[in-house]
Amino acid sequence: MDLEQIKKSAINEINNASDVKLLEGVNVKYLGRKGVLTNILRSLKDLSMGDRRKIGPKANILKKELEDLIGKKKNSFINFSKDDLFFDVTKPGLKISSGHLHPLSKIDAEVRKIFLSMNFSVVDGPEVESEYYNFDALNIPANHPARDMWDTFWLKSSGPAKSKFLLRTHTSPMQVRFMETHNPPFQIIVPGRVFRYEATDMSHEFNFYQIEGLMVGHDISLANFKFIVEEFCKKLFGPKIQFRFRPSYFPFVEPGLEVDIKLGSGSWLEVMGAGMVQRNVFDAVRYNPDEVQGFAFGMGLDRLAMIKYKIPDIRLFYNGDLRFVRQF
Ligand code: PHE
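Every value quoted in this text rests on a predicted model; they were computed, and no experiment measured them.

Novice: Help me out: how do you make sense of a positive patch on the surface in this one?
Specialist: On the surface, a cluster of positive charge is contributed by Arg33, Lys34, Arg42 and Lys45. Mapped onto the fold, Lys45 is located in the loop between α3 (36-43) and α4 (49-77).

Novice: Explanation requested: the nonpolar core in the structure shown.
Specialist: The nonpolar side chains of soluble globular proteins are, as a tendency, buried together. By size, the foremost hydrophobic cluster in this structure holds 43 residues, and its most contacted members are Phe115, Phe225, Phe232, Phe297 and Leu304. Ranked by the residues each element gives to this core, the list is headed by helix α9 (residues 222-237), at seven residues. Residue contacts for Phe232: discarding those within four places in its chain leaves Val111, Ile114, Phe115, Met118, Met299 and Leu304. Counting residues in each nonpolar core, the second largest holds 28 residues, with Leu138, Phe186, Val277 and Val285 among its members.

Novice: Whenever I open this one, the pattern of salt bridges confuses me. Can you help?
Specialist: Two side chains with opposite charge may pair up if their charged atoms get near one another. Per the stated rule, a full pass over the model turns up 16 salt bridges. The closest approach of N and O atoms between Asp108 and Arg112, which form a salt bridge, is 2.8 Å. Taken together, the residues span about one helical turn, with Asp108 and Arg112 both in helix α6 (residues 103-117) at a distance of four residues. You can call Arg112 partly exposed: its relative accessible area is 32%. Across the pair Asp313 and Arg315 runs a salt bridge, and its minimum N-O distance is 2.8 Å.

Novice: Is there a simple way to explain the site of the ligand in this structure?
Specialist: Inspection of the region around the ligand gives 15 residues, with His170, Ser172, Arg196, Gln210 and Gly298 positioned closest. Interatomic distance of 2.9 Å between a side-chain N/O atom of His170 and a nitrogen atom of the ligand. When isolated, the ligand has an accessible area of 320 Å², and the protein chains bury 93% of it. Going through the elements one at a time, β5 (207-217), β8 (269-277) and β9 (293-300) are the ones with two or more residues in the shell around the ligand. Ranked by the residues each element gives to the shell around the ligand, the list is headed by β9, at three residues. Of the residues contributing to the shell around the ligand, the split by class is seven nonpolar, six polar and two charged.

Novice: Can you walk me through the packing of aromatic side chains in this structure?
Specialist: Each aromatic ring pair is specified by the distance between its two centres and by the angle formed by the two planes. Evaluation of the coordinates by the stated rule reveals 20 aromatic pairs. Each ring, one from Tyr309 and one from Phe328, has its centre 5.1 Å from the other, and the planes form 55 degrees; the classification is tilted. With Tyr309 in helix α11 (residues 301-309) and Phe328 in the segment after α12 (322-325), this pair connects stretches of sequence that are 19 residues apart. Here Tyr309 falls in the partly exposed class, since its relative accessible area comes to 22%. Here the aromatic rings of Phe317 and Tyr318 are separated by 6.3 Å at their centres, their planes lie at 80 degrees, and the arrangement is edge-to-face.

Novice: Looking at this structure, how should I read the domain arrangement of the chain?
Specialist: One frequent convention defines the size of an interface as the accessible area lost when the parts assemble. Domain boundaries in the chain define domain 1 (3-84) and domain 2 (103-325). Spacing between the C-alpha centres of domain 1 and domain 2 amounts to 79 Å.

Procedures and definitions
Residues numbered from 1 in each chain as written. Predicted model: local features only at pLDDT ≥ 70, side-chain atom pairs only at ≥ 80, totals over all residues. Heavy atoms only, no water. Patch = residues over 30% accessible without salt bridge, like charges linked within 9 Å, V, L, I, M, F, W, Y side chains within 5 Å. Areas by Shrake-Rupley, 256 points an atom, 1.4 Å probe, with all protein chains shown as cover. Salt bridge = Lys/Arg side-chain N within 4 Å of Asp/Glu carboxyl O. Lys, Arg positive; Asp, Glu negative; His and termini not counted. Charge placed at Lys NZ, Arg CZ, Asp CG, Glu CD. Helix = DSSP H or I, 4+ residues; strand = E, 2+ residues; numbered from the N terminus. Core = buried A, V, L, I, M, F, W, Y, C linked by side-chain atoms within 4.5 Å. Buried < 20%, exposed > 50% of the residue type's maximum accessible area, 1.4 Å probe, protein only. Contact = heavy atoms within 4.5 Å. Near = heavy atom within 4 Å. Polar contact = N/O pair within 3.5 Å; in protein donor to acceptor, adjacent residues only side chain to side chain. Nonpolar A, V, L, I, M, F, W, Y, C, P; charged D, E, K, R; others polar. Phe/Tyr/Trp six-rings, centres within 6.5 Å; stacked < 30°, edge-to-face > 60°. Domains from an automatic or database assignment.

Next comes the structure, spelled out in structure tokens:
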């Protein structure tokens, strides 16, 4: 086939192509990688100089011509329907899915708000702690059997040989850190993440959240604690709540107690450990135990959320399933 013939049949086929697919077929046939015209252009190098000068420019012009024709024909297939031109401004937009607060974030915000309304301040502390703040300063020396109450993730020690580091097993170390740098009277809460080296089940996680409370001043007594805790729980769970205060033991409080609550006809649920700050803890922060008194408490945020939202399994908070999170 010479170039004239190719041109004729190509133009003919382009004109007859009745849809985009057929047109693409023509494109491939003449201009594709193994197309008729492509082959001619590719074989130019094998021709004599004379033939090359004769055919080369013509073939290139034809190539350009066919490309233009195919392009134009292609455009002619794009036809606008009425719908494309009419923009309905009353149509509802696509719903953009927005983020959602995790139930633990929600209850955290609520707890903070309640305590702020009772004139408490919110304080933050480190998740990696030293053995001193997590245990020793809280009247739990090395080898004290009470250390068994907190199964601990110890960190490979770096830094000075003497200090051992761990992931804090409770928020109580912040009692010490705060008292070291502040003078009473004050009242604070410390919300934060804590870690325990434990097997998980429906009520245990190796990672969960606590809220520590500490109020220190002159003549602070358990009566103050009782009032604050009852106010807090009534604000969080509603006024129809019953309380039970049971004696208990934590090395950093004396007396120590545990608080149970009961909602409606439900069963008694333990919500916090608490007590009057032990003299040894005041000694560690160089307060005079004869001049100041205080109470401390620690509660599990997860526990509060489980009670408030009736969540049966603590592991649901951490499995990342959005179908769970979106329910709150
Ligand atoms: N830190 C204790 C725990 O994690 C709770 C607690 C806090 C008890 C403050 C008494 C006073 O179990």
